[in-house]
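Next come the chains, spelled out residue by residue.
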Amino acid sequence: MILTNINECWRYAQMHPEFQKLFDFIKKTDFETLPEGRNEIDGDSLFVNHVRMAGKNPEGQPIEIHKDYIDVHFLISGKESIGIKSAGKLSSFSKPYDASCDCALSNDEPDTFVSINPGDMVIVWPEDAHLPAISEGDIHKIIAKVRM
């Protein structure tokens, strides 16, 4: 997991060939005019889900993992916490891995939470089980999907 800000993301651009495209997209996009839902940047290799949502209480929420995609959670407005746990430490799954949606769910508790503010981003790799969208208020964000 990497916690950074859009102003410091250049440090991570070399970690994946699609990261620079994503960071450029975030910097130049007017999120007030971007359609909600899926927006492709480079087909299935790089796309973003643009969402506005009510925050969730962490109790009873499943923690998720992905195998084919890196998630990059970029907060546009609101305050958000994201729970994190090593995927290798998950003890059981409430939903086994489904390749069609690249997701498995577990009812395990996160080991820690990171808090983010507008302009911050959390990069979660396949080994990072995560519980996003924890907030007492509304959240406006993009969730980028970067194919491994």
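Residues numbered from 1 in each chain as written. Predicted model: local features only at pLDDT ≥ 70, side-chain atom pairs only at ≥ 80, totals over all residues. Heavy atoms only, no water.

> Give a detailed account of the overall build of the protein chain, specifying residues and quantitative values.
Along the backbone of the protein chain there are one helix and twelve strands. From first element to last, N terminus to C terminus, the protein chain shows the α and β order β-α-β-β-β-β-β-β-β-β-β-β-β. Classification of the 148 residues of the protein chain by burial places 49% in the buried group. In the protein chain, once contacts between residues fewer than 6 apart in sequence are set aside, the share between residues at least 24 apart is 76%. Carbon and sulfur atoms make up 49% of the accessible area of the protein chain, which amounts to about 7,400 Å² in all. Averaging the coordinates of the 15 positive side-chain charges in the protein chain and doing the same for the 24 negative ones gives two points 2 Å apart. (Helix = DSSP H or I, 4+ residues; strand = E, 2+ residues; numbered from the N terminus. Buried < 20%, exposed > 50% of the residue type's maximum accessible area, 1.4 Å probe, protein only. Contact = heavy atoms within 4.5 Å. Areas by Shrake-Rupley, 256 points an atom, 1.4 Å probe, with all protein chains shown as cover. Lys, Arg positive; Asp, Glu negative; His and termini not counted. Charge placed at Lys NZ, Arg CZ, Asp CG, Glu CD.)

> Explain the pairing of strand β3 (residues 46-54) to me, using residue names and the numbers behind them.
Relative to β3, strand β2 (residues 37-42) runs antiparallel, the two sharing five bridges. Across the sheet, R38 pairs through a bridge with N49, a residue of β3. Here β2 folds back onto β3 in antiparallel fashion, the turn holding three residues, of which G43 has a positive phi close to 55°. Bridge analysis of β3 against strand β12 (residues 138-147) gives nine bridges, and the strand direction is antiparallel. (Pairing = 2+ DSSP bridges.)

> Residue-level account of unusual backbone geometry, with values.
Non-glycine residue D102 carries a positive phi angle of around 50°. Its location among the elements puts D102 in the loop between β7 (95-98) and β8 (103-106). For D102, a relative accessible area of 5% corresponds to the buried category. For A133, which is not glycine, the phi dihedral falls at a positive 70°. As for its position among the elements, A133 is in strand β11 (residues 128-134).

> Which residues make up the nonpolar core, and what are the values?
For soluble globular proteins, nonpolar side chains are generally found buried alongside one another. In terms of nonpolar packing, the biggest core is built from 23 residues, with F19, L22, I26, F31, V72, F74 and M121 touching the most fellow members. When residues of this core are traced back to their parent elements, those giving at least two are α1 (19-28), β3, β5 (69-77), β10 (120-124) and β12. The biggest single contributor to this core is α1, with five residues. The contact partners of V72, leaving out residues within four places of it in the chain, are F19, L22, M121, V122, I123, I142, I143, A144 and V146. Grouped together as the second largest cluster of nonpolar side chains are nine residues, V122, V124, A133 and I139 included. (Core = buried A, V, L, I, M, F, W, Y, C linked by side-chain atoms within 4.5 Å.)

> Tell me what's going on with the pairing of β7, and back it up with residues and numbers.
One ladder, built from two bridges, connects β7 with β8; its direction is antiparallel. Bridge pairing in β8 places K95 opposite L105. If you look at the hairpin formed by β7 and β8, you'll find four residues sitting between the two strands, and D102 has a positive phi there, around 50°.

> Requested: an account of the pattern of salt bridges, with residues and values cited.
Inspection of the entire model under this criterion finds twelve salt bridges. Of the charged contacts, one joins R38 and E40 as a salt bridge, the two residues approaching to 3.3 Å between their closest N and O atoms. Note that D44 is salt-bridged to R38, the shortest N-O span being 2.6 Å. By relative accessible area, which is 40% here, R38 ends up partly exposed. Each member of the salt-bridge network shares a partner with another, and the members are K85, K89, D108 and D111. (Salt bridge = Lys/Arg side-chain N within 4 Å of Asp/Glu carboxyl O.)

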